[in-house]
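# A look at the structure
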Amino acid sequence: MEDVPEKGQVRLHVRDTGIGIREEDKERIFERFYHSTGEENVTEGIPSSGIGLALAKEIIEMHSGHIEATNRSCGGADFVITLQADNGALSTDIPEDKR
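A quick note: this is a predicted structure, and the numbers were derived from the prediction, not measured. (Residues numbered from 1 in each chain as written. Predicted model: local features only at pLDDT ≥ 70, side-chain atom pairs only at ≥ 80, totals over all residues. Heavy atoms only, no water.)

## Here's the deal with the sheet that holds strand β1 (residues 9-15)
- Read across the sheet, three strands follow the order β1-β3-β2 without closing on themselves; strand pairing throughout is antiparallel. Every interior strand has two partners, whereas the edge strands, β1 and β2 (66-71), have only one. Strand-to-strand twist across the sheet, computed as the mean angle between neighbouring axes with direction ignored, equals 20°.
- Pairing of β1 with strand β3 (residues 77-84) involves seven bridges; the strand directions are antiparallel. (Pairing = 2+ DSSP bridges. Helix = DSSP H or I, 4+ residues; strand = E, 2+ residues; numbered from the N terminus. Axes fitted to C-alpha atoms, helices over the stretch in contact; angles between N-to-C directions.)

The following block contains the structure:
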């Protein structure tokens, strides 16, 4: 599948090199305060609140966007954010050199 956004859209990929997303977690990773039960998902002993992906999803959706997550074939995850570039969120009042 070719990754080309539709006209008027901007697509951003955020990729990591971690262990990826467990199949049983895929449907829930964007839920507020969700934690995977897999021990392998602990990142160097750093505790997680489980709010990050839920908050990112809410902000993206407030801007008429969409986020999805997939596993990369070489390991890690790929978070794809798609935003509407022509929904008025990008103001033309901003000077060209500040955009």
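So much for the structure itself; the text now carries on.
## A word on the pattern of salt bridges
- Across all of its chains, the model carries seven salt bridges by this definition.
- R22 is paired through a salt bridge with D25; the nearest N and O atoms lie 3.1 Å apart. For the pair formed by R22 and D25, the shared burial category is buried.
- E61 is the partner of K57 in a salt bridge, and the nearest nitrogen-oxygen pair spans 3.3 Å. Remark: E61 and K57 occur in helix α1 (residues 52-62); sequence separation between them is four residues, near one turn of the helix.
- In this structure K57 comes out as partly exposed when scored by relative accessible area, which is 27%.
- Given a relative accessible area of 42%, E61 falls into the partly exposed group. (Salt bridge = Lys/Arg side-chain N within 4 Å of Asp/Glu carboxyl O. Buried < 20%, exposed > 50% of the residue type's maximum accessible area, 1.4 Å probe, protein only.)

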